[in-house]
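Topology and contacts: notes
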Amino acid sequence: MSLRFGWLSFFTLALALVWAGYGFTQEAVRSPAPAAPSPFPDLYEASISELQEGLQKGLFTSVDLVKAYFARIDEVNLQGPTLRAVIEKNPSALAQAAELDRERRLSGPRSALHGIPILLKDNIATLHSEGMNTTAGSFALLGSVVPRDAHVAAKLRAAGAILLGKANLSEWANFRGNVPSGFSGRGGQASSPYVPLGDPSGSSSGSGIGAAIGLAAAALGSETDGSIVSPSSVNNLVGIKPSIGLTSRDGVVPISEHQDTVGPMARSVADAATILSIIAGRDPRDNFTLAQPPVVPDYTKALNAHALRGARLGVPRKFVALLDDARVAAFNASLATLRRLGATIVDPADFPDAEELLASNNETIVLSTDFKVDVERYIAGLVEVPTGVKTLADLIAFNIAHASEELVPPFWTDQSQFIASENTTVDQAFFDALAADKDLGQTRGIDGALRAFKLDALLLPTDIASTPPAIAGFPIVTVPLGFLPPDTPLSPAKPTRESGPNMPFGLSFLGTAFSEFELISFAFAYEQATHTRLKVRAFPAAIPRTQLADVVWK
């Protein structure tokens, strides 16, 4: 469903030459006179609770919110810095908002998400009749008719959320080939709001960009290995990658039934917990959800600023050694903060199988084999596919036949992963790899370390945290940790930059299956003590100017 590997048109070179004109250079300016305080929340940072309070007080309506977010998308998506975060806006969103406003007046809100606009990654199905496509970023699925909302989309809709649009992504959740993160044939090459032409990470790239700069209240992403937590990290966000089986994958374009999951990407732990509480739950169309606890917790009750008191947290130090000095230094500093908040830090607390896990190729076998089976099953369940594709071989042939849209030189020509997956079969080697992943990720991995050191959770820099929980099917919660130094050189844009000044990175809390409540509590306590996200904003041109004051009563 998504992997994290980090179109631009012929304008790429011109864009790279004019980035300084988008305010990246620091210049002294005279401070303006203080403005009168606005009665409206700043949409760059507004929380779901702040938006809900304004809606309840009648300061603005959900129609106002949709108009404001649409205007913000228009400012930066295909104009200005051309971040390419959003593939489609929902043509039914304003009508949905108006109906939800009427409902609020008559009977009050359905939930904390009533009238709140949320972006969905373009591999999460939404009713075709409302006017949006579900394509995983590929022209091969353009115009396809899904049988129903994805289960998570249906739960959002039932809670009164507004499905604002479809976010760009690494095409096929980064499982087509060696292609830069954030590129899809339909959406083009997305880029970071923190570093001009920066790598937005992926595969939930547009979800990360959109949530980071207030193109929506929050977003849904999907993850197979890193695709929620990595773009959350790079875009200065909170991301929750749930345990396999906590959220349904029905109606989500797949990679692997054994590793795919769907979760929230938001500007705060509270917002992410609010959304997770809505989308979690059993679904008879996804057997994996039958393994979840009988009652899904209200994750907002985990928002305890004192949760770290008495917690035992471990550091798998052998993984940390893989990182650069800036990230390691920020991570080590976070340990002191956690101790100050009452946690006991066990360092090192390495996995019993750390070296074997790092060297393993089992995940590649599992994902390649699963994808061929699972994507063909997904396509077979569609009501209509105008392009006529039915199989993975058809997708490969479609890309070759439509190379000018899909296999775009010089950076986006590869589909080697498709080809490798097409050559797989479900054989004993697959089952052996699946069993080995469970052993490496669970028994001798995360669970092994938790038991050996009597830990409540594990800590890792997000950039190297995703694979053990991915193969184990276990959760991660990432929060903002720090930023690369302001004097970090801009790396070359090929087509995106791997690094640059103020590029964000995150801290991850890892645990055993269905330990989201505890991880959210630890992440919230850390977030409330540090407020790292607020220390650096996106570069000026990437920050939309439209606010509610520009649309209310207009």
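Use the structure listed above.
Figured I'd write up the structure that's included with this text. Since this is a predicted model, take the numbers as computed values, not measurements.

**Regarding the overall build of the protein chain**
- The number of helices and strands found in the protein chain is 19 helices and 13 strands.
- Computed over C-alpha atoms, the radius of gyration of the protein chain comes to 22 Å, within 12% of the 24 Å expected from 2.2 N^0.38 for 554 residues, which places it in the range of a compact globule.
- Overall size of the protein chain, expressed as C-alpha extent along the three principal axes, is 65 × 60 × 55 Å.
- Across the 554 residues of the protein chain, 62% fall into the buried class.
- Here the protein chain contributes 45 positive and 56 negative side-chain charges, whose respective centroids are spaced 6 Å apart.

**What about the packing of helix α5 (residues 151-158) against helix α9 (residues 269-279)?**
- Between α5 and α9, the shortest axis-to-axis distance is 8 Å and the interhelical angle comes to 110°. When the axis of α5 is compared with that of α9, the two are roughly perpendicular. Residues Val152, Lys155 and Leu156 of α5 form the contact with α9, whose participating residues are Ile275, Ile278 and Ile279.
- Considered class by class, the residues forming the contact of α5 with α9 number five nonpolar, no polar and one charged.

**Thoughts on the packing of aromatic side chains**
- This model, assessed by the stated rule, comprises eight aromatic pairs.
- Geometrically, the ring pair formed by Phe40 and Phe60 is edge-to-face, given 6.2 Å between the ring centres and 65° between the ring planes. Taken together, the residues span a long stretch of sequence, with Phe40 in the loop between α1 (12-17) and α2 (48-57) and Phe60 in the loop between α2 and α3 (62-76) at a distance of 20 residues. The residues Phe40 and Phe60 share a single accessibility class, namely buried.
- Centroid distance Phe183 to Trp412: 5.2 Å. Interplanar angle 20°. Geometry classified as stacked. Of this pair, Phe183 sits in strand β4 (residues 183-184) while Trp412 sits in the loop between α15 (403-406) and α16 (416-422); the two residues are 229 residues apart in sequence, bridging distant segments of the chain. Neither Phe183 nor Trp412 differs from the other in exposure class; each is buried.
- Every member of this aromatic cluster is reached through a ring pair, and the members are Trp172, Phe175, Phe371 and Phe418.
- The ring centre of Phe70 lies 5.1 Å from the NZ or CZ of Lys89, which sits over that ring.

**Here's the deal with unusual backbone geometry**
- At the junction of Gly202 and Ser203, the peptide bond is cis and its omega measures out at 10° in the coordinates.
- In this fold, Ser203 is placed in the loop between β5 (188-189) and α7 (205-212).
- The peptide bond linking Asp347 to Pro348 adopts the cis configuration, its omega dihedral lying at 10°.
- By the element assignment, Pro348 lies in the loop between β10 (344-346) and α12 (354-359).
- Of note, the phi angle at Asn236 is positive, near 65°, even though the residue is not glycine.
- In this structure Asn236 comes out as buried when scored by relative accessible area, which is 1%.

**A few points about the nonpolar core**
- Counting residues in each nonpolar core, the largest one holds 151 residues, and the members touching the most others are Leu156, Leu313, Leu338 and Phe509.
- Looking at this core, the element that brings in the most residues is α3, giving eight residues.

**Points about the environment of Gly310**
- Tracing the backbone shows Gly310 in the loop between α9 and β9 (312-314).
- Taking the relative accessible area as the measure of exposure, Gly310 reaches 60% and is therefore exposed.
- Once the C-alpha coordinates of Gly310 and Gly342 are considered, the two residues, 32 residues apart in sequence, prove to be 5.8 Å apart.
- Beyond its immediate sequence surroundings of up to four residues, Gly310 is in contact with Gly342 and Asp456.

**Digging into the sheet that holds β10**
- If you walk across this open sheet you meet the 11 strands as β1-β3-β2-β6-β8-β7-β12-β13-β11-β9-β10, and the pairing is mixed. At either margin of the open sheet sits one strand with a lone partner, and together these are β1 (86-89) and β10. Ignoring strand direction, the axes of neighbouring strands in this sheet form an average angle of 30°.
- Bridge count for strand β12 (residues 476-483) against strand β13 (residues 504-510) is seven bridges, and the pairing is antiparallel.

**Notes on the side chain of Asp353**
- Within the secondary structure, Asp353 is located in the loop between β10 and α12.
- Within the buried core, Asp353 has no salt-bridge partner, and the shortest N-O distance to an opposite charge, that of Arg444, equals 4.7 Å.
- Filtering out sequence-adjacent residues up to four positions away, Asp353 remains in contact with Asp439, Leu440, Arg444 and Gly445.

**Things to note about helix α19 (residues 516-530)**
- Look at α19: 21 Å from first C-alpha to last across 15 residues, which is about the 21 Å you get at 1.5 Å a residue.
- The buried fraction of α19 amounts to 11 of the 15 residues, a majority that puts the element mostly inside the structure.
- Buried within α19 are the following residues: Glu516, Leu519, Ile520, Ser521, Phe522, Ala523, Phe524, Ala525, Tyr526, Glu527 and Thr530.
- Of the residues one or two after α19, His531 is the one with positive phi, at around 50°.

**Some words on the pairing of strand β2 (residues 117-121)**
- Of all five residues in β2, five are buried, a share of seventy percent or more.
- Across the two faces of β2 the burial is the same, with Pro117, Leu119 and Lys121 and Ile118 and Leu120 all buried.
- Sheet analysis places β2 next to strand β3 (residues 162-167), joined by five bridges and oriented parallel. Bridge pairing in β3 links Lys121 to Ala167.
- Sheet topology places β2 next to strand β6 (residues 218-223); three bridges connect them, and they run parallel. Within the sheet, the bridge partner assigned to Ile118 lies in β6 and is Ala218.

The rules behind these values
- Residues numbered from 1 in each chain as written.
- Predicted model: local features only at pLDDT ≥ 70, side-chain atom pairs only at ≥ 80, totals over all residues.
- Heavy atoms only, no water.
- Helix = DSSP H or I, 4+ residues; strand = E, 2+ residues; numbered from the N terminus.
- Rg over C-alpha atoms; globule rule 2.2 N^0.38 Å.
- Buried < 20%, exposed > 50% of the residue type's maximum accessible area, 1.4 Å probe, protein only.
- Lys, Arg positive; Asp, Glu negative; His and termini not counted.
- Charge placed at Lys NZ, Arg CZ, Asp CG, Glu CD.
- Axes fitted to C-alpha atoms, helices over the stretch in contact; angles between N-to-C directions.
- Parallel < 35°, antiparallel > 145°, perpendicular 65-115°, else oblique.
- Contact = heavy atoms within 4.5 Å.
- Nonpolar A, V, L, I, M, F, W, Y, C, P; charged D, E, K, R; others polar.
- Phe/Tyr/Trp six-rings, centres within 6.5 Å; stacked < 30°, edge-to-face > 60°.
- Lys NZ or Arg CZ within 6 Å of the ring centre and 35° of its normal.
- Core = buried A, V, L, I, M, F, W, Y, C linked by side-chain atoms within 4.5 Å.
- Pairing = 2+ DSSP bridges.
- Salt bridge = Lys/Arg side-chain N within 4 Å of Asp/Glu carboxyl O.
- Expected span 1.5 Å × (residues − 1).

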